Structures are given as C-alpha cells and as structure tokens.
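Below are the chains, spelled out letter by letter.
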Amino acid sequence: MNDKKVDTNRKKINLTIDDKKIEINDGDTILQAAKKIGIHIPTLCYNEKIKPHGACRLCLVEIEKRGRSKIVASCAYPAEEGLMVKTESPGVEKIRKNLVELYLALFPFNPEIKKLARKYKLTRSRFKKENNYCILCGLCVRYCREVKGYNAVGFAGRGTDKKVVFIPESSYFKYCEKCMECMNICPTGVFPSNYGLARIPQINK
Amino acid sequence: MTVDNKINSFQDLQKKAKKLQQQSDSADLAFSICSGPGCKAYNSEDLYSAILEEIKKNNIKEKDRIIVRRTGCHGYCEMGPIVIVYPKDICYFRVKKEDIPEVFSKALKGEVVERLLYKDDRGNPIIKESDIPFYKFQKRILLNNHLKIDSKNIDDYIMGGGYQSLAKVLREMSPEEVIEEVKKSGLRGRGGGGFPTGIKWETTRNAKSEPKYIIVNADEGDPGAYMDRGILEGNPHSVLEGLMIGAYAIGSNMGFVYVRQEYPITVENLNIAIDQAREYGLIGKNILGSGFGFDIKVHKGAGSYVSGESSALTTAIEGSVGEPRLKYIHTSVSGLLGKPTNLNNVETFANIPLIIRNGADWFRSMGTKTSTGTKIFSLVGKVKNTGLVEVPMGISLRDIIYKIGGGIKDDKKFKAVQTGGPSGGVIPEQLLDLPVDFDELTKAGSMMGSGGMVVMDECSCMVNVAHYFLKFLADESCGKCVPCREGLRQMLYIYERIMEGKGREEDLTLLEDLSMLLREASLCALGTTAPNIVLTTLKYFKEEYEAHIYYNMCPAKMCSQLITYVIDKNKCAGCGICIKICPVDAIKGESKKPHTIDTEICIKCGSCIEACPEKYSAIEKKTGLVKEGVIQGEKES
C-alpha cells in the first residue's frame, strides 16, 4: 500500500506505460506520466488546473501490480514504482467501446468522442437518445469553485436527475459576465446556452 | 444519576456490575417488552404503560420487586409484540393491551397464560423462546444480549459484564495485541465488503498522520433490512464499547456515529447511551483511570443511500454532498479531513467486545474457515416467519428459509431469494444448499451485503424484481460517473420496454454489455455491484425474459401491461360485487348473469380479484396478450 502522497523530496519513480519505460516524480498520476512520453489517453472531465474528478471514465487504464491486474482511472491514480500500465489492453478497449456508445446516445458531437467512435467503427448507438446533452463532467462547477473561488455554478439533484445549474442568487453571479472562463471548458458546448437561459430573469429586470 | 456515579477504575466497574446483579436477582419478576421497530408499530408502548398500571393497581410498593424493561428487537417481528416474563423465561407472542392484567396476575402466581404461548405444528404450546423453531436453529450471540437490557439504561448493560472488555483492553492489552486478537478472530466487515477488520485497523494504526478518526457506519439504507437498527437501538452500548476498543487499537481519540435520520428511535437511544456513558466516565477523559480519552459525536445522515459508501460517508460528515470520491488512497490512510480514518459497520463493532471477552478462538469456532462468527440477516418477503435472524456463517440458505423461516407463505412454491440488498443478486432454488458466507455468495453472483434477505415465491416476476431494484439504485446513485448514471438510465429504459411487451431481441445482449460496463468502469461500489441483479436474473431466469420479449407473456402475471383480467363465464354468478368495486367502471353485466370486463377501460388494479367471493373465484389474470387483442398462451391459470 502506498502510504504517502507527500511531495517533500519528490522522489523519482520508474514505471512502464505501454512497454515504454519512464521516470517521473513521485505523486504524479499515470495520466501525467503518459503525457510526458506522448501517449494519448482520452479524457473528458480532466483539466490540468483542477483536481481530478474521475467521472467520465474514458481515461481508464489497466495496471498490473503484484501480478494482479486492475482497471483504474489514470487521471487520479498515483504512479507507483514498478507499475505496468496498459492504456489499450483488450479489457480497456472493450470498456471504452461500450462507454463511447453510451456517450453517442448522450452527446455525439465532442471531437474526442467522434474520434473514438471512428476508431471503434461505431456509427450509431444502440441506446436510447437523450435530450440532454450535458455529460455532467463537472468541469464548469469545479473550475468555478477551485480556480475562481466563485461557486456560481453547482450541481443539483442526484442519480439520473442530476444536473448542472447556475446559482443566480449566488453573490458571485454578477462576476459571471466579466469572467466567462468556464464557457470554453465545456466539452459539449451546451453550457453557454444554459448560461443564457439562467440570465433571462436578470435581463428582464 | 449524579456525578458520584462516575466509575473511576476497573475494580469500580466490577463492583458496580456485581451490585446490579444482586439487585436484579433479588427481584421477584421481570418483564421484557420488545420495543423494536416491529413491535413498536404494534403498540408495544401501550403494554409497558399497562404493566406499570398493574403494578400500581396491585399496590406493589417495593420498587425493585418487579423490573420492567423495554428492550431492543427480539427478532421474531412477525409475532410481535413480544413479552418475556422472567425468571421463568415465559415467552408471550402477539400480546395485546387487554391481555396484560391476566399476564400480570398469573405471573405473580407463577402461572402461565397458555393462549399467548407459541404453538408448534401440532398445537402444543412452547414456553421458552429458545425452544421455538424460529430461535432454535439460530446462533444468537449478538441479538440474545438484547433480551435482558433496557435499551435506555446503561446499568443493564454493565450488569451483564458490559464495558469489561474495554476495561480489559485498557488494563492488560497493548493496541498491537488488540489488533492481533481481532486479526486472529478472522472477523470480516459486516457492512458488505467483507474486508478483514484487523487488517483495516492495522493500516489505520500504521498510517503516519495524526489525529486519527474512527467511524461507525450506521447508514443502513437497503429496503427491508434493519440489522444495524436492531443492534444500535436495542444495545447501543455494545457498539460504543466496540468503537472505543477500536479507537484504542488504532490510536484515535475521536469517533463519529453516522446514523440515518430516518431512524429517530435509534438516534434517541444512541444519544441517551452516549450521555449515560459520559456521566459514568466511560466516555471522556481518562477512561477508567487508564489515561485513554475518547469522545463521540453523532452525525445524522440526510437521506442518501450512497452515503453508506465509505468515501461518500466521510465527505458527508465533512459537510459536503455525500458523493464517493476516487479511492486510490485508502480511507484508512487519508479519510475524514484528509486524516487516517477507520470505518466499520455497526455489527462489526458489536462483535468486538465479545471477541475480547471470549477470545479469538471462541469466535473462530463459529462459521466457516474464511468467514468466521455469526451474521444477522433480515429475513423478509414471502416467508412464514419474518424478522431478524442471527446464524453462524456457513449455514445453508435452505436452513434459513425452511427451518428458521418456516417455509414459504401460503405454501406456495419458492422461486428465488435476493441477498445483499439492492446491490446483491438473486439465488434460485437449485442453489439453496449454498453455504452462506462471503465467498460462496459472491461466487453465485450475489453478495453477502449488509444482510438483507428477501424471499420471493412463484408470484414474483424476475424482470419486474430486477427493474424494481435498478430503479432504486438509479434514484440513489450520486450521478457522478457516467457508467453508473447513464448505464442505469439506459438499463431502466430497456426494462421498461421489456415489461411493456416491446422488448427487442438485442435487449438481452445490451443488458449484458451494460452490466459489464458498470461492473468494470464505475467509480464506486454502488455502480460496480448494480449489475448483480441483472446478471443473476439473466443467468437463472432467462426464460422469463424470453417469455416477455418473444411471447409478450409475464409468466408470474405481474407486469400489468402484459396481463388481462378475464371473467370466467361458467364460474361467475353475477353477484355484482366486482361492478361496485371497479374504480373505472370497466365491468359490465346484469344481475345474476355473467359479467364481462372491458379490457380497453380496465386499469389492471386487481381490486375485482380481491373482491370476487372465494366460492366463485371467477376472475382470472391471463397473460400472453398479443397486439391484436387475442389471448394466447396458457389456457388455465
């Protein structure tokens, strides 16, 4: 068990990703390590500036540790000494393919999803189409909270009823017009229109 | 109670226990009235006041001659309210307020009220609880302690040797020795995961950061399950004692009890217990003069099933929304407020004082090699005897259902048993001899879970059952990760389709693909275990799915879209009762002539079947309706 994520002396550790060896700082995640050697792991809910959320599950990879393999989210899994990582193992590919099909029913227009759909030769989704394009990656919510410290966007509800809402009552909502930084983060592009809707009562005033 | 009541040392505790025992022995009579959730619903509180009234009426002045206790759940909820009269251990069932004068006067004379006793198959009365079949096949090491303990009185717990395990640990054992003993006992977490408790404690103890926290997980949210409630409500001190032993072992001075808000009596009893223990000096600084200090806070949950998951629970205590987080660094290393946190289930903690008192070998002597000790199940559904049952691990499901549960209600045919709550799966008839332990149940595709056990008879449609539990999980999912949220949503669409008779051939493959995705890719255990119900029903009852999809038939006649109500012309006497009862006026017909149901109007509520006099039994459910409105399939039901 890895006891610490303390970055006091930034020890160096070695691991293997897709048969490529790499030395990185202790505390880095698998995703960060992969990026360094140019291995692309698809992500939707990841952003360098904010803490990993682990919700989109596209970044799942297979790791091998003490002879046992396990599927983990690479955006959050801290790299360990001697770890064997496979970013495109058969298990991972199967999961990702099903996941992409689920995304196609939800939001088919994202470039990453499109690219993956082409890769897995998925032209249509067997699942029922959803009317709501938001994939609840939470980038807007987390960016607003962690980077800007505003909390003008939040989650409401839970389970299948969960959604992203603007909080017009939030004292920070007045900054939104000047900030707008979250607009470009949204991987679906639905977010800006939601913002417009949330502002209607304000405009009417 | 006054401050003088403080127990300052181990000797004081023993003296106090002895004194209380003497007091209790000198009493002529003692009544134990079950105040568990089941019996309380049957107004067992009235029985308590009725007995007090009788004491007053009979002018019994010496306060200690008769002891009346309101205890925790006795388990046999089906037969509540339960009253036990000591010293003769006479056990009365289904006691009403009106029975109390007779029970009381006969008890004074040392006699028995025969009509309130349990009757066996041949009608012979049984006096003692332990001789009744429901109890005879159980091994009640946790639940039996309830019977002589008033759940609101710490003295009763101390009298039975309570807090002496804590005293033993503080006086004689080092934290490492405690952990070693728990490890040796083989105790595994009773909340569902089955992780070895001793190892969890060790990891938390070895974690470098300070302070450390210890949490009781009493967020019991499975439908129909109330094991933790039974313990925490009936014998809260046993959990507190276990918690403190755990705290001493891992090196923590602060504990939390995360309890459901929906359990008001549990919260009340728990708070009373903590207050009393604090007044006795058993919680606070320098417990029993040992130098060890500990404090407990009760945190009420806000109604979320997923908060029972360890990382969601710690987030909830921190004050955020109870959402699971990525757990690649264990809670035992970085949990509550980023500090090492140990989290165990109520039942796990309740076992600890017993292990310390009787030794690890005693605990190992029960159960199987990999699953030691006993486990409490909440046996509900279509079984004759429902209630809380405590059995040694390794007992077969058949024994639980037929010996303890008494078989299926109305002598119908057994179909399946669902173990482990909504996250568990169903186990069919052919696997009934499966020994109940952590590993065997997992192998069968289900899980131990926290101990829910829902028995289903032939009238349950497995597609419907799977839909019900999936709906529950979809509502209770936090909605954070895509496989769980979207996967469950899509699964529900598929199930709704199948239940409406619009199922497609590809649906079964789709369900399997989605199940794989949820199991492998979900963030927390809610998502990874959600497919259990789908996969087990698909594995053991595939023909039911196929009947729905290919023949528009619901073999159990449960899915309302696939059944039609029909009146048998030969049986109907034209009494007109069903015409009056039908809420939508779908039944037409003249008096004394056979009636007919207009299937266009009928909403399939089933009121007419219930209303039709038994001597006629003219209304039937038929299934196999194809789109043109012609009834296919079974001719007779």
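Residues take numbers from 1 onward in each chain, read along the sequence in its written order. Chains and ligands are labelled sequentially in the order written, the chains with letters from A and the ligands with numbers from 1. Owing to the predicted nature of the model, reporting of local features is limited to residues with pLDDT of at least 70; listing and counting of side-chain atom pairs is limited to 80 or more, with chain, interface and lining totals taken over all residues.

### Looking at the overall build of chain A
So, step 1. Runs of H or I in DSSP of at least four residues are treated as helices and runs of E of at least two as strands, each being numbered from the N terminus. Within chain A one finds six helices and seven strands.
So, step 2. In sequence order, the secondary structure elements of chain A are arranged as β-β-α-β-β-β-α-α-α-β-β-α-α.
So, step 3. The exposure label follows from counting other C-beta atoms within 10 Å of a residue's C-beta, where the C-beta atoms are placed from the backbone and the thresholds are 20 or more for buried and 12 or fewer for exposed, leaving partly exposed in between. Counting only residues that meet the buried cut, chain A has 34% of its 205 residues in that class.
So, step 4. Each residue gets a C-beta atom placed from its backbone, and two residues are in contact if those atoms lie within 7 Å. Across chain A, contacts joining residues at least 24 apart in sequence account for 52% of those joining residues at least 6 apart.

### Details of the overall build of chain B
So, step 1. Helix and strand counts for chain B stand at 25 helices and 19 strands.
So, step 2. Atoms counted for the radius of gyration: C-alpha only. Globule rule: 2.2 Å times the number of residues to the power 0.38. By the compact-globule yardstick of 26 Å for 637 residues, chain B fits well, its C-alpha radius of gyration being 27 Å.
So, step 3. Judged by the C-alpha coordinates and their principal axes, chain B covers about 85 × 65 × 40 Å.
So, step 4. Taking all 637 residues of chain B together, 53% fall into the buried category.

### Considerations on the domain arrangement of chain A
Residue and element names in this part refer to chain A.
So, step 1. Taken as a whole, chain A is organised into domain 1 (12-88) and domain 2 (139-197).
So, step 2. Using only C-alpha atoms to locate each centre, domain 1 and domain 2 end up separated by 28 Å.
So, step 3. Charged residues are taken to be Asp, Glu, Lys and Arg, nonpolar residues to be Ala, Val, Leu, Ile, Met, Phe, Trp, Tyr, Cys and Pro, and polar residues to be all remaining types, Gly included. Residue composition of the side of domain 1 that touches domain 2, grouped by class: three nonpolar, two polar and two charged. The source of the domain bounds is an automatic or database domain assignment.

### Looking at the environment of I67(B)
All names here are of chain B.
So, step 1. Within the fold, I67 resides in strand β2 (residues 66-71).
So, step 2. Along the sequence, I67 and Y86 sit 19 residues apart, while their C-alpha atoms lie 9.3 Å from each other.
So, step 3. Those residues within four positions of I67 in sequence are excluded, and the remaining contacts are S24, A27 and A30.

### Regarding the sheet that holds strand β4 (residues 68-73) of chain A
All names here are of chain A.
So, step 1. Each pair of strands is called paired provided DSSP finds at least two bridges between the two strands. The five strands are arranged β2-β1-β5-β3-β4 in an open sheet whose pairing can be described as mixed. Every other strand in the sheet has two partners, leaving β2 (20-25) and β4 as the edge strands with one partner each. The average undirected angle you get between the axes of adjacent strands in this sheet is 30°.
So, step 2. Every axis corresponds to a line fitted to the C-alpha atoms, with the helix fit spanning only the stretch in contact, and the corresponding angles, defined between N-to-C directions, vary from 0 to 180 degrees. Helix α2 (residues 90-106) contacts β3 (60-65), β4 and β5 (84-86) of the sheet and is inclined by roughly 155° relative to β3.

### A few points about the domain arrangement of chain B
Residue and element names in this part refer to chain B.
So, step 1. Domain annotation for chain B reports domain 1 (26-132), domain 2 (161-364), domain 3 (374-457), domain 4 (462-551) and domain 5 (560-623).
So, step 2. Look at where the C-alpha atoms of domain 2 and domain 4 centre, and you get two points 34 Å apart.
So, step 3. Every contact between the two is made by eight residues of domain 2 and, on the other side, nine residues of domain 4.
So, step 4. Among the residues forming the side of domain 2 that touches domain 4, the class breakdown is six nonpolar, no polar and two charged.

### Re the nonpolar core
So, step 1. For this analysis, nonpolar core means a set of buried Ala, Val, Leu, Ile, Met, Phe, Trp, Tyr and Cys residues linked through C-beta atoms within 7 Å. In terms of nonpolar packing, the biggest core is built from 226 residues, with C140(A), V83(B), I400(B) and V417(B) touching the most fellow members.
So, step 2. The residues contacting I400(B), other than those within four sequence positions of it, are F377(B), L379(B), V389(B), V391(B), I395(B), G405(B) and V436(B).
So, step 3. Y565(B), C578(B), I587(B) and I619(B) belong to the second-largest nonpolar core, a separate cluster that totals 11 residues.

### What about the interface of chain A and chain B?
So, step 1. Taken together, the contacts link 29 residues of chain A with 33 residues of chain B.
So, step 2. At the level of secondary structure, the elements contributing two or more residues to the side of chain A that touches chain B comprise β4 and α2 of chain A.
So, step 3. Split into classes, the residues belonging to the side of chain A that touches chain B amount to 18 nonpolar, four polar and seven charged.

### Regarding unusual backbone geometry
So, step 1. With an omega of -5°, the peptide bond running from G80(B) to P81(B) counts as cis.
So, step 2. Counting through the fold element by element, P81(B) comes out in the loop between β2 and β3 (83-86).
So, step 3. Here Y86(B) and P87(B) are connected by a cis peptide whose omega angle stands at 10°.
So, step 4. Mapped onto the secondary structure, P87(B) falls in the loop between β3 and β4 (90-92).
So, step 5. Here D18(A), not a glycine, exhibits a phi torsion of approximately 45°, which is positive.
So, step 6. Among the structural elements, D18(A) can be located in the loop between β1 (12-17) and β2.
So, step 7. Its 15 C-beta neighbours within 10 Å are what place D18(A) among the partly exposed residues.
So, step 8. Positioned with a positive phi, D410(B) is a non-glycine residue whose angle comes to about 55°.
So, step 9. In this fold, D410(B) is placed in the loop between α16 (397-404) and β13 (414-419).

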